[in-house]
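Remarks on the overall topology
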Amino acid sequence: MEEILNNLYQMTAFSDIIAANGTYIIMYLLAFVLLYLGIVKHFEPLLLVPIAFGVLIANFPGGDMGVLQADETGLIHYNGKDYNVWEMPIHDVAHELGLMNFLYYMLIKTGFLPPVIFMGVGALTDFGPMLRNLKLAIFGAAAQLGIFAVLLCAVGSGQFDLKEAASLGIIGGADGPTAIYTTIKLAPHLLAPIAIAAYSYMALVPVIIPLVVKLLCTKKELMINMKEQDKLFPPSNKIKNEKVIKIIFPIAVTTIVALLVPSAVGLIGMLMFGNLLKEIGSDTSRLFDTISNSVMNTCTVFLGLCVGATMTVDAFLNWTTIGIVVGGFFAFGLSIASGICMVKIWNVFAKKKINPLIGATGLSAVPMASRVCNLISTEYDPKNHVLNYCMSSNVAGVIGSAVAAGVLISFLG
Amino acid sequence: MNPLINEALQLMAIGMVTVFCILLIVIFLGTVLIKLVNKFAPEEVVAKKIAPAANAVQQVDATVKAVIDATIAQITGGKGHATKITKL
């Protein structure tokens, strides 16, 4: 009887969980906290819920749902055997290493999902506000400084090599798919903590932006009314036929970026393709509908689950993860601060003053960053709506972070 | 200086210059596009305006309108009335 009970105990996950001295319990708690944030606090629920559930199911010993990270030669040591994942037929990966590894090595490791999600993001992006306020797009470039500043600090800390530091810095781009795409190319073993940090900080945009803005901006600066500035200094180019420009724009941008930074085409090209399908209108409405709904949602489910499943005890509970969480926060904060500082410098020289909130939205996180900045500006002056102006630098930030990712990949990949 | 830091500094300089250049090109491209389109295709094709709601009421069959009025009077106890009727 005792033997039967002992066998039953060994069959369950309890024996391994207890033997691991509570490390699994930490992972379960983390999964529950993420689920709580996603479900109850509504922090990016579309991504945090699949990621959190991926974390949960990946950390049951014997479940074979955790992603096994291969080394650079593709070797995986699992259950006392060595596997070379690059040489294994894909059905063997599913059979020998489990369903989640099959999904991970087929969809994530190949870099397939992030560009497809970017296509959906493009379909949901409106370049109209950026085209109406083109000059403001330059602040989308300034806000990428956080990426490179944190890269420098991370290398200086001695804890990360260049590829790892670049993957950490890209969190400052505040763009989930871009962060994942770059990390897959440069430091796939850090995918889980980087994806979690990127999406968590994006969800915390309503907290982080006001914090940095209050530290750096005066009330007078935040009360700069952009519409009044437009009346004082009217824009030189008024758009007469927005529909045609919106159709030509994605084609032209893709061509130019592809010529100058070919490694960014995976992201920019798909973003602009999605946007083109949207702007063409009724002729491609079926494709637009598919990529912005079914395709994007399907990809989001698998991306979230696979990223969560990479967060196993061995891969997550270490000092590198803590370094990523702290470094990611600084990357985020620095990106916002550098956008604001560039606006301040601009205002010293230009007659037409710009509200520094437009610099703060230079990081991606579309459209939440713009909405948060609009709320801040209306707190100081209820009539001062800066949403449309913020969207210009915000959308430019998506292009900027994708280009920064392209530079990092082409130099380090 | 640590060669890694040196490389990171170079990457920072190249990265920021590239991002600025690309966005400046995007701004320039957008400006040129706006000018060209304003010059060669300034007219936006406007869809035919939908007939005003007032006309729509006239197009509604008198019997149907009477039925709708009676229904509204019944439901609202004579207090409500139809201001416009639009075919979907």
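This write-up is about the structure you can find in this document. (Residues numbered from 1 in each chain as written. Chains lettered and ligands numbered in written order. Predicted model: local features only at pLDDT ≥ 70, side-chain atom pairs only at ≥ 80, totals over all residues. Heavy atoms only, no water.)

To continue, consider the pattern of salt bridges. Where charged atoms from two side chains of opposite charge come close, those side chains can pair. Residues and elements named next belong to chain A. A full pass over the atoms with the stated rule returns seven salt bridges over all chains. Across the pair E242 and R132 runs a salt bridge whose closest N-O atoms are separated by 2.7 Å. Linking E242 in helix α17 (residues 242-260) with R132 in helix α8 (residues 128-132), this pair joins segments that are 110 residues apart in sequence. Note that K352 and D230 form a salt bridge whose closest N and O atoms lie 2.8 Å from each other. Placement of the pair is K352 in the loop between α21 (319-349) and α22 (357-360) and D230 in helix α16 (residues 226-232), with a sequence separation of 122 residues. Given the relative accessible area of 25%, K352 is considered partly exposed. Residue D230 is classed as buried on the basis of its relative accessible area, which comes to 16%. (Salt bridge = Lys/Arg side-chain N within 4 Å of Asp/Glu carboxyl O. Helix = DSSP H or I, 4+ residues; strand = E, 2+ residues; numbered from the N terminus. Buried < 20%, exposed > 50% of the residue type's maximum accessible area, 1.4 Å probe, protein only.)

Let us look at a nonpolar patch on the surface. Residues and elements named next belong to chain A. On the surface, L211, L215, L216, W319, I322, V326, F329, F330 and L334 cluster together into a nonpolar patch covering about 920 Å² of accessible area. When contributions to the nonpolar patch are tallied by element, the ones reaching two or more residues are α14 (205-216) and α21. The greatest single-element share of the nonpolar patch, amounting to six residues, is contributed by α21. Mapped onto the elements of the fold, I322 is located in helix α21. (Patch = residues over 30% accessible without salt bridge, like charges linked within 9 Å, V, L, I, M, F, W, Y side chains within 5 Å. Areas by Shrake-Rupley, 256 points an atom, 1.4 Å probe, with all protein chains shown as cover.)

Turning next to helix α3 (residues 62-76) of chain B. Given a rise of 1.5 Å per residue, 15 residues ought to cover 21 Å, and the 21 Å separating the end C-alpha atoms of α3 of chain B matches this to within 8%. Of the residues one or two after α3 of chain B, G77 of chain B is the one with positive phi, at around 70°. (Expected span 1.5 Å × (residues − 1).)

The interface of chain A with chain B comprises 45 residues on the first partner and 31 residues on the second. Interface area, chain A with chain B, both sides summed: about 3300 Å², of which 86% is carbon and sulfur. Linking chain A with chain B are zero salt bridges, by the criterion used here. Between the two partners, chain A and chain B, sit three residue pairs in polar contact (both at pLDDT 80 or more). Going through the elements one at a time, α8, α9 (139-142), α10 (145-157), α17 and α24 (387-412) of chain A are the ones with two or more residues in the side of chain A that touches chain B. Among the elements that make up the side of chain A that touches chain B, the one with the highest residue count is α17 of chain A (eleven residues). Looking at the side of chain A that touches chain B residue by residue, the classes come out as 34 nonpolar, six polar and five charged. (Contact = heavy atoms within 4.5 Å. Buried area = accessible area lost by both parts, 1.4 Å probe. Polar contact = N/O pair within 3.5 Å; in protein donor to acceptor, adjacent residues only side chain to side chain. Nonpolar A, V, L, I, M, F, W, Y, C, P; charged D, E, K, R; others polar.)

What is shown is where atoms sit, not what they do.
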